[in-house]
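# Coordinates in review
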Amino acid sequence: MAETLGLDNGLTNYGDRDFARYLRRSMAHSMGISSELLSRPVIGIAASPSDFNNCHRYMPQLVEAVSRGVLAAGGLPRMFPTVSLGEVFLNPTSMVYRNLMSMDVEEMVRAQPMDAVVLIGGCDKTVPAQLMGAASANRPAIQLVTGPMSTGRHKGERLGACTDCRRFWGKFRAGEIDSTEIQIVETRLATTAGTCAVMGTASTMACIAEALGMSLPGTAAIPAVDSQRLVAAEESGKAAVRLARSPILPSQVITEQSVENAFRVLMALGGSTNAIIHLTAVAGRLGIRISPQRLNDISDETPVLVDLKPVGEGYMEDFHAAGGMGAVLRELRPLLNLDCLTIDGRTLRERLNERAGWVDRKIIRPFTDPVSNVGGLISLHGSLAPEGAIFKRAAATPALFEKEGRAVVFEGLEDLSARVDSPDLDVTADDILVLKNAGPLAAGMPEAGYLPIPSKLAKAGVKDMVRISDARMSGTAYGTIVLHVSPEAAAGGPLEAVRNGDRIRLSVSKKTIDLLVDPAEVARRLEERKPLPKKRGGYQELYQRTVTQAPEGCDLDFLAQARS
Ligand code: FES
């Protein structure tokens, strides 16, 4: 058992260590803490409450429950705030600030005196940011999530953010419901604390944290309002004290093998496309890289087992009641690396050797009778995306999987919103919509890849079309959508060269996406490209100078490496 340093961790530099220790204890006494408690192992609690983050509304209760667990196990809990990212409250997009939050987490975990840390996050970018920061700091850490929302009701139907948000917005745009009804629906989509109620990015990342071994078993999917969520918080606090005494580092848990496990889980969940970027970024902090080919192999070998929206029917509350991550991991067992260590000190094999609980097979299907025989996400390559693109086949329309069509191009986000609903737009249901300049460099990579069906087509009953962009898509969205085209248009990728009327071919069976234009003509068009206006000053400039493309996780290049 390691000796814990507690408050003596990382003394402030005054050139006199004893003075630094004496001064720190004196200031700690001013917080009204007894000498007995001040001598205990210190457990940091990285909290991210914010009035701009609805998904973290129960953060204070979670902090209290973690503290209770820490105290019960003989530690001293110390909460500290970090950046918080509420998905829909940030401009231009929360994605820009994920890396900023990760730097905050990394530096505060390293700079402050703690023997272990419990990271509490939930909303889309917060868990990736905390895992990235923890990986870089490489101090004993446990991830606790805020948990998913419970569903609301409308006219006898269950509603959950945000797949149903999009479904009802689509109905409104198509004129199927009026403005009075959409206003009522607005109040019924997100009715409790917690993260979006479907297998969107937040829930996918919660499951990935558990699959990596960074969260306690069985904690990913407990609803935010369930009392067991507080028990999970208390247990996380106790486990952090154990970690402080017998350290297991993130670098021992997040390994190439556990990252592969996490990618498999992502496929089996039919999880969010965003999780590919986030998991790549987390792994990248420890120098781990999974190639697009390996990703496709994992996808082809791993069936979709979980029948949740946006791919299927259920909500996260159903997933938890159905058996949650334990049931999914048991089904995947023959495909998993079972020797991976988890932060509770056991290997994945030891966890899965425990007696299995009841499983609702409507929600979590057996390996032999899956929702789909192949995984939810694939990487595409071709002349339109030389460095790759991502396609969520589980949420797409199979009739559009092999499609050649005429490009209808939008030069950027403003152009899209100005023209997509114009009655004059030259577009048919057979065309392919293309959005440029929405990648990480140009626009911070917003979730704009779910291009709206042009309203004149939506009103005519068109539900899906092939849509292509260098943007991301919400994990709660669905459709035949090619995302993360790399290099992005603003970085000189062939996407920039696409013009109205060009032919594009998507082949899901071949995993290709091609621009059917002579390469010499593409090169000529790219020479006309105008450079991006430079951002000046602060984090925005740092971001623009150093952000990487989607295949590298959109991390800042100087953060995406292991360091001592
Ligand atoms: Fe936070 Fe959806 S808005 S998870």
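Small disclaimer: the values here were computed from a predicted structure and weren't measured. (Residues numbered from 1 in each chain as written. Predicted model: local features only at pLDDT ≥ 70, side-chain atom pairs only at ≥ 80, totals over all residues. Heavy atoms only, no water.)

## Looking at the overall build of the protein chain
- For the protein chain, the count of helices and strands is 21 helices and 14 strands.
- Its C-alpha atoms give the protein chain a radius of gyration of 24 Å, within 12% of the compact-globule value 24 Å for 564 residues.
- Counting only C-alpha atoms and orienting by the principal axes, one finds that the protein chain spans roughly 75 × 55 × 50 Å.
- When the 564 residues of the protein chain are sorted by exposure, 59% land in the buried category.
- Long-range contacts, defined as pairs at least 24 residues apart, comprise 76% of the intrachain contacts of the protein chain with a sequence gap of at least 6.
- Accessible area for the protein chain stands at about 21700 Å²; split by element, carbon and sulfur atoms hold 52% of it.
- The protein chain carries 63 positive and 65 negative side-chain charges, and their two centres are separated by 2 Å. (Helix = DSSP H or I, 4+ residues; strand = E, 2+ residues; numbered from the N terminus. Rg over C-alpha atoms; globule rule 2.2 N^0.38 Å. Buried < 20%, exposed > 50% of the residue type's maximum accessible area, 1.4 Å probe, protein only. Contact = heavy atoms within 4.5 Å. Areas by Shrake-Rupley, 256 points an atom, 1.4 Å probe, with all protein chains shown as cover. Lys, Arg positive; Asp, Glu negative; His and termini not counted. Charge placed at Lys NZ, Arg CZ, Asp CG, Glu CD.)

## A short note on the packing of aromatic side chains
- Taken as a whole and judged by the stated rule, the model has eight aromatic pairs.
- Ring geometry for F19 versus Y22: centroids 6.1 Å apart, planes at 50°, classification tilted. Pair noted here: F19 and Y22 are both in helix α1 (residues 17-29), with a separation of three residues, about one helical turn.
- Judged by its relative accessible area of 33%, F19 is partly exposed.
- In textbook terms, an aromatic cluster arises when at least three aromatic residues are bridged by ring pairs, as seen for Y14, F19 and Y22. (Phe/Tyr/Trp six-rings, centres within 6.5 Å; stacked < 30°, edge-to-face > 60°.)

## Some details on unusual backbone geometry
- In this structure, C162 follows A161 across a cis peptide bond, with omega equal to -5°.
- Its location among the elements puts C162 in the loop between β6 (157-159) and α6 (163-173).
- Going from S486 to P487, the amide bond is cis rather than trans, its omega being -5°.
- With respect to the element layout, P487 can be found in the loop between β12 (481-486) and β13 (503-507).
- Positive phi outside glycine occurs at N138, with the angle close to 50°.
- Note that N138 resides in the loop between α5 (126-137) and β4 (141-145).

## Focus: helix α3 (residues 59-72)
- The end-to-end C-alpha distance of α3 is 20 Å, a good match for the 20 Å that 14 residues give at a rise of 1.5 Å each.
- Along α3, the residues that are buried comprise M59, L62, V63, A65, V66, S67, G69 and V70.
- Where α3 is buried, its residues meet β1 (42-47), β2 (76-81), β3 (116-121), β4 and α9 (227-245).
- Looking one or two residues beyond α3, the residue adopting positive phi is G74, at roughly 100°. (Expected span 1.5 Å × (residues − 1).)

## As for the pairing of strand β9 (residues 402-410)
- With five bridges connecting them, β9 and β13 associate as antiparallel partners. Each bridged residue has a counterpart across the sheet, and for E402 the counterpart in β13 is S507.
- Note: β9 against strand β10 (residues 432-435), four bridges, orientation parallel. If you follow A407 over to β10, its bridge partner there is I432. (Pairing = 2+ DSSP bridges.)

## Things to note about the nonpolar core
- In this structure, I120, L212, I254, V259, F263 and F319 are the most contacted members of the largest nonpolar core, which totals 114 residues.
- If one sorts the elements of this core by residue count, helix α11 (residues 256-269) sits on top with eight residues.
- Those residues in contact with I254 that sit more than four places away from it in its chain are A135, L212, M214, V259, V282, L286 and I288.
- Residues A396, I504, L506 and V517 belong to the second largest nonpolar core, which totals 28 residues. (Core = buried A, V, L, I, M, F, W, Y, C linked by side-chain atoms within 4.5 Å.)

## Observations regarding the sheet that holds β2
- An order of β2-β1-β3-β4 is seen for the four strands of this open sheet, with the pairing classed as parallel. Looking at strand neighbours, the two that pair on one side only are β2 and β4, the edges of this open sheet. Each strand axis lies, on average, 20° off the axis of its neighbour in the sheet, ignoring direction.
- The pairing of β1 with β2 spans six bridges and is classified as parallel. Bridge pairing in β2 places I45 opposite M79.
- Its contacts with the sheet place α3 against β1, β2, β3 and β4, and it is angled at close to 170° to β1. (Axes fitted to C-alpha atoms, helices over the stretch in contact; angles between N-to-C directions.)

## Quick notes on the UniProt feature "domain: Dihydroxy-acid/6-phosphogluconate dehydratase C-terminal" (unreviewed entry) in the protein chain
- When the UniProt feature table is mapped onto this chain, "domain: Dihydroxy-acid/6-phosphogluconate dehydratase C-terminal" (unreviewed entry) is found at residues 362-554.
- Spanning residues 362-554, this segment combines 18% helix with 24% strand, and its end C-alpha atoms are found 36 Å apart. (UniProt positions renumbered as here; feature names shortened; annotations may be inferred.)

## A closer look at the UniProt feature "domain: Dihydroxy-acid/6-phosphogluconate dehydratase N-terminal" (unreviewed entry) in the protein chain
- Per the UniProt record, the feature "domain: Dihydroxy-acid/6-phosphogluconate dehydratase N-terminal" (unreviewed entry) sits at residues 40-350.
- For the annotated span residues 40-350, helix accounts for 49% and strand for 9% of the residues, and the straight-line distance between the end C-alpha atoms is 30 Å.

## Topic: α5
- Taking 1.5 Å of rise per residue, the twelve residues of α5 would be expected to cover 16 Å, and the 16 Å separating its terminal C-alpha atoms lies within 8% of that figure.
- By the criterion of burial, α5 is predominantly enclosed, with twelve of the twelve residues buried.
- For α5, the complete set of buried residues consists of T126, V127, P128, A129, Q130, L131, M132, G133, A134, A135, S136 and A137.
- Directly after α5, the chain includes N138, whose backbone phi takes a positive value near 50°.

## Here we look at the pattern of salt bridges
- Per the stated rule, a full pass over the model turns up 45 salt bridges.
- A salt bridge links D318 to R158, with the shortest nitrogen-to-oxygen separation between them at 2.8 Å. In this pair, D318 sits in helix α14 (residues 316-322) while R158 sits in strand β6, placing the two residues 160 residues apart along the sequence.
- When salt bridges that share partners are traced, they join R499, D502, E521, R524, R525 and E528 into one network. (Salt bridge = Lys/Arg side-chain N within 4 Å of Asp/Glu carboxyl O.)

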